[in-house]
Every structure is written in C-alpha cells, then in structure tokens.
Amino acid sequence: MPASAKQRGFWYAHTGWYMGSSSVALSVTYALLGPLRLLVDAWMRPRTNQQFNQWGTDVAADPWYQRMSRPLPYAALMLVHLAVGAGIPIVLWERAGALLAWTVYVVLYNLGDAVDSITHMAGERLPAQVSSARNNCLLGALLLGEGWHANHHWDPRCARHGWFRGEFDWTWQVIRALRFGGL
C-alpha cells in the first residue's frame, strides 16, 4: 500500500507518499498550500507515482487519459483550474476572495487526503479484515462515499463503496444515473 498511516505515520499517509517524502514539515506545508498546490501538482503529477499504473490498466490505456497525463496538457489543465477556482473569487471579492479560495482549496484537498490517512486510523473495521482501512462515517458523508474505505479495501474493483445500511454513497448514485442514461 503506497499510503498507510499504520506503516509510516499520519503525515506520510496524508500527503508525504505523494511527494515520496517522510518529512513532516514538507507534508504539512503541502497540505496547507491551498490553490498553489495546483502548481506543484502540475509539475509533479505526470512525473511521479507512475509505478501504480498497473492498478488501473484500463485508465492508463485510455487515449484521453494518456494524452491528459502528459506534462504539458496536464499543466495547462491545472493552470486553467487555478485561474477559474482562485481567479474568479479574487476578481470578485479581492482579499476576501483570495482567503475564500485558499480556505476552500485547503479544506477540499485535505478531505481527499484524509482517505489515505484518517480512514486508516479512525472508524469501523470489517469483520475478518486484514488491512488497516476503516469505514469512517464522517468522511463517508463529507466525501460522497469515499470514507467507506474498509469496503474499498475489501473489494478494490467495486465502484460502490457504501455497502451497508447507513453507508450512503453519492458517487455510486451518480454511476447508477449515468448507467441509466446509457453511459
């Protein structure tokens, strides 16, 4: 597992694994970069973590994702994301918009990162489960179903993460709606 809080600590699991660093200071800085994280990702994402592509061979083989995963197209997409996501609030509300954009990016990024860190430390484990992954009710709700992480570890190929009563999975509902619509 590339990111496990039980193996290498909270900060490595939260953000350090992505950068290939065990430095807590670097991991905390990265977690707080807000919209500037898009610039770091624009450089790093196409160049790092390629060793995990075998886990998603269907995605890695898709022509669209192959093209968008190249450094230049990916950087262009990240710059557009930054211009829209941070630029619009800054233009509309100046300093308050910059603070709002920064806060939103920090919260959203760290919620996503919490799947690798917090859901390996807090929540309910499945019976007879081997991995350290847990189902976390709060993250399940906030992350549209991604917080049902023990379920994902039990069956990583299953797109549905909310399996049991009370484990609502918005992402699965979107997949069902797309399937119903013929996609």
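Check the entry above for the structure.
So, here is what we can say about the structure in this document. Small disclaimer: the values here were computed from a predicted structure and weren't measured.

Structural notes on unusual backbone geometry
A positive phi angle, near 60 degrees, is found at A128, a position not held by glycine. The topology assignment puts A128 in the loop between α7 (71-114) and α8 (137-142). Although it is not a glycine, L144 sits at a positive phi angle of roughly 60 degrees. Secondary-structure assignment places L144 in the loop between α8 and α9 (149-154).

Notes on the layout of surface pockets
To find the voids left in a structure, one rolls a probe of water-molecule size over its atoms. Quantified by volume, the largest pocket comes out at close to 2100 Å³. Around the largest pocket, the lining comprises 44 residues; the ones closest to its centre are W17, R45, F52, W55 and G56. The set of elements that each furnish at least two residues to the lining of the largest pocket consists of α2 (10-19), α4 (36-44), α5 (57-61), α6 (63-68), α7 and α9. For the lining of the largest pocket, the element with the most residues is α7, which contributes 6 residues. Of the residues contributing to the lining of the largest pocket, the split by class is 20 nonpolar, 16 polar and 8 charged.

Section: the pattern of salt bridges
Scanning all chains against the criterion turns up 1 salt bridge. Measuring nitrogen to oxygen at the nearest pair gives 2.9 Å for the salt bridge that ties R37 to D113. Taken together, the residues R37 in helix α4 and D113 in helix α7 connect sequence positions 76 residues apart. Take R37: its relative accessible area is 4%, and that puts it in the buried class. Here D113 falls in the buried class, since its relative accessible area comes to 11%.

Quick look at α2
When you tally the buried positions in α2, you get 8 out of 10 residues, the bulk of the element. Turning to α2, its buried residues are Y12, A13, H14, T15, G16, W17, Y18 and M19. Contacts from the buried residues of α2 go to α1 (5-8), α3 (24-31), α4 and α7. Phi turns positive, to about 70 degrees, at G20, one or two residues after α2.

Here we look at the packing of α2 against α3
Contact geometry of α2 with α3 gives a least axis separation of 9 Å together with a crossing angle of 90 degrees. Here α3 runs roughly perpendicular to α2, going by the angle between their axes. Note on element contacts: α3 touches α2 through V24, L26, S27, V28, Y30 and A31, opposite W11, H14, T15, G16, Y18 and M19. Considering only residue class, the contact of α2 with α3 consists of 8 nonpolar, 4 polar and no charged.

Regarding helix α10 (residues 170-180)
Put simply, D169 is the residue that caps the front of α10, since its side-chain oxygen is 3.2 Å from the backbone nitrogen of T171. Among the residues trailing α10, G182 stands out with phi positive, at a value near 90 degrees.

Points about the side chain of H120
For H120, the location among the structural elements is in the loop between α7 and α8. On the accessibility criterion, H120 (1% relative accessible area) is buried. Side-chain polar atoms of H120 contact the side chain of S132, separated by 2.8 Å. One polar contact links H120 to H153, side chain to side chain, over a distance of 3.5 Å.

The rules behind the values
- Residues numbered from 1 in each chain as written.
- Predicted model: local features only at pLDDT ≥ 70, side-chain atom pairs only at ≥ 80, totals over all residues.
- Heavy atoms only, no water.
- Helix = DSSP H or I, 4+ residues; strand = E, 2+ residues; numbered from the N terminus.
- 1 Å grid on protein atoms, 1.4 Å probe; cavity = no way out; pocket = protein on both sides within 12 Å on 5 of 7 lines; lining within 4 Å.
- Points joined across faces, edges and corners; volume = space filled by probe spheres on them.
- Nonpolar A, V, L, I, M, F, W, Y, C, P; charged D, E, K, R; others polar.
- Salt bridge = Lys/Arg side-chain N within 4 Å of Asp/Glu carboxyl O.
- Buried < 20%, exposed > 50% of the residue type's maximum accessible area, 1.4 Å probe, protein only.
- Contact = heavy atoms within 4.5 Å.
- Axes fitted to C-alpha atoms, helices over the stretch in contact; angles between N-to-C directions.
- Parallel < 35°, antiparallel > 145°, perpendicular 65-115°, else oblique.
- Polar contact = N/O pair within 3.5 Å; in protein donor to acceptor, adjacent residues only side chain to side chain.

Geometric descriptors of this kind do not, in isolation, establish any biological role.
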